[in-house]
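Examining the three-dimensional arrangement
Residues per chain, in single letters:
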Amino acid sequence: RDSTSSDVQLPMELEEAETLDNWDNARRERCPSGMLHPRDSCRRLWDKFVVILVVVDTLIVPFQLAYLPHQPVNFLMLLWPWFLTLFFAADMFLSFHTGYRADSKDEERPGKLVTDRAKIAHRYVHSWAFSLDLLTTFPWSQILIFIARVSLFEPWEEQ
């Protein structure tokens, strides 16, 4: 039998590795306790759920603006903004605890898994993702309602 042919299907990670040795080393890489590997299946599932929540939110917000002012208060619609705020805050927390692959701009060898908390935090805080996450996670409407005791839907309420 020819040793170069194989009936065994190799994992998808092998496609990203240039050689079998690189794949074997990548497979052995482990994150320290409390850190997530960026390719971890749970982390990737979480990221997919984030995308789904963003899409659902883009459907719910217009619904809230169009129909809530004329309907009785709905428990789900009151809970939804707080659920999103907590969920996206948890996502930010996970981002501070997820390793990354070094690139040419890092001090590390390109492709190396970086799990140092300070380097992860520095990279995340200085990225566009952190600014976007912070801006969108901050509960602006809930704080406005609490401080000003004003309903965001007051202009649409029937008198």
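Before any of the text, the structure's been laid out above.
Residues numbered from 1 in each chain as written. Predicted model: local features only at pLDDT ≥ 70, side-chain atom pairs only at ≥ 80, totals over all residues. Heavy atoms only, no water.

A look at the packing of helix α4 (residues 75-96) against helix α6 (residues 128-137)
- It is the contact of α4 with α6, at a shortest axis distance of 9 Å, that shows an interaxial angle of 155°. Between α4 and α6, the angle is such that the two are roughly antiparallel. Read as a crossing pair, α4 and α6 show a hand that is left-handed. Two secondary-structure elements touch here, α4 through Thr-85, Phe-88, Ala-89, Met-92 and Phe-96 and α6 through Phe-130, Asp-133, Leu-134 and Thr-137.
- For the contact of α4 with α6, the class distribution of residues is six nonpolar, two polar and one charged. (Axes fitted to C-alpha atoms, helices over the stretch in contact; angles between N-to-C directions. Helix = DSSP H or I, 4+ residues; strand = E, 2+ residues; numbered from the N terminus. Parallel < 35°, antiparallel > 145°, perpendicular 65-115°, else oblique. Left-handed = near helix turned anticlockwise from the far one by under 90°. Contact = heavy atoms within 4.5 Å. Nonpolar A, V, L, I, M, F, W, Y, C, P; charged D, E, K, R; others polar.)

Thoughts on α6
- Considered for burial, the residues of α6 that qualify are Phe-130, Asp-133 and Thr-137. Seen from one end, α6 has its buried residues packed into an arc of 65°, which puts them on one side. Exposed residues on α6 whose side chains face more than 90 degrees from its buried face are Trp-128, Leu-135 and Thr-136.
- Considering only its buried residues, α6 is in contact with α4 and α5 (117-125). (Buried < 20%, exposed > 50% of the residue type's maximum accessible area, 1.4 Å probe, protein only. Arc of directions from axis to C-beta.)

Thoughts on the packing of aromatic side chains
- Taken as a whole, this structure holds eight aromatic pairs when the rule is applied.
- Centroid distance Phe-96 to Phe-130: 6.1 Å. Interplanar angle 75°. Geometry classified as edge-to-face. With a gap of 34 residues between them, Phe-96 in helix α4 and Phe-130 in helix α6 connect regions that are remote in the sequence.
- Of the residues examined, Phe-96 reaches a relative accessible area of 24% and is grouped as partly exposed. (Phe/Tyr/Trp six-rings, centres within 6.5 Å; stacked < 30°, edge-to-face > 60°.)

What about the side chain of Asp-91?
- As for its placement among the helices and strands, Asp-91 is situated in helix α4.
- The class of Asp-91 is buried, set by a relative accessible area of 9%.
- In contact with Asp-91, not counting residues within four places along its chain, are Arg-43, Trp-46, Asp-47 and Val-50.

Thoughts on α4
- When the terminal C-alpha atoms of α4 are compared, their 32 Å separation across 22 residues agrees well with the 32 Å that a helix rising 1.5 Å per residue should span.
- Taken residue by residue, α4 has Met-77, Trp-80, Leu-84, Thr-85, Phe-87, Phe-88, Asp-91, Met-92, Leu-94 and Ser-95 as its buried positions. (Expected span 1.5 Å × (residues − 1).)

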